Amino acid sequence: LQLFFVLALFSLGIGFINAFLPSFLSVNIDSTQQGMVMGLYESIGSLSRVLGPFVAYSFLLSSPRVGYFVFGIFMILFALIVLFSRSFISSDSDT
């Protein structure tokens, strides 16, 4: 029962992100570069959906602890990127 609840939340989150992020990108990118950026966004998304399970499974085969460690590092890096990009964007908009 808990798994279904978590999967429902995950499905809603993915649905909102998949609808929000392309529109967010297209609004915040110069119109001359929209095609390139949107193509790159979709290409990277497709490539990650193909390669992601293989990479995750290889970590699981080596050791479950390695997988948690590597994905924890990814989460920390992502959080740092978000924090620094927010400070960069806010300092850019102040000028």
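Keep in mind that this is a model prediction, so the values were computed, not measured. (Residues numbered from 1 in each chain as written. Predicted model: local features only at pLDDT ≥ 70, side-chain atom pairs only at ≥ 80, totals over all residues. Heavy atoms only, no water.)

## Some details on the packing of aromatic side chains
- All chains considered together, the criterion is met by three aromatic pairs.
- Note on F59 and F71: the rings are 5.7 Å apart at their centroids and 90° apart in plane angle, and the pair reads as edge-to-face. In this pair, F59 is assigned in helix 2 (residues 34-62) and F71 in helix 3 (residues 64-94), connecting sequence segments 12 residues apart.
- Note on F71 and F74: the rings are 6.2 Å apart at their centroids and 50° apart in plane angle, and the pair reads as tilted. Highlighted residues: F71 and F74, both in helix 3, separated by three residues, approximately one helical turn.
- A network of ring pairs unites the aromatic residues F59, F71 and F74 as a single cluster. (Phe/Tyr/Trp six-rings, centres within 6.5 Å; stacked < 30°, edge-to-face > 60°. Helix = DSSP H or I, 4+ residues; strand = E, 2+ residues; numbered from the N terminus.)

## Details of the packing of helix 1 (residues 2-28) against helix 2
- Two elements in contact, helix 1 and helix 2, have axes whose closest approach is 10 Å; the angle formed by their N-to-C orientations is 155°. One element, helix 1, and the other, helix 2, form an angle in the roughly antiparallel class. Remark: the crossing between helix 1 and helix 2 carries right-handed chirality. Residues L21, P22, L25 and S26 of helix 1 pack against Q34, M38 and Y41 of helix 2.
- Within the contact of helix 1 with helix 2, the residues separate by chemical class into five nonpolar, two polar and no charged. (Axes fitted to C-alpha atoms, helices over the stretch in contact; angles between N-to-C directions. Parallel < 35°, antiparallel > 145°, perpendicular 65-115°, else oblique. Left-handed = near helix turned anticlockwise from the far one by under 90°. Contact = heavy atoms within 4.5 Å. Nonpolar A, V, L, I, M, F, W, Y, C, P; charged D, E, K, R; others polar.)

Just geometry here; none of it tells us what the structure is for.
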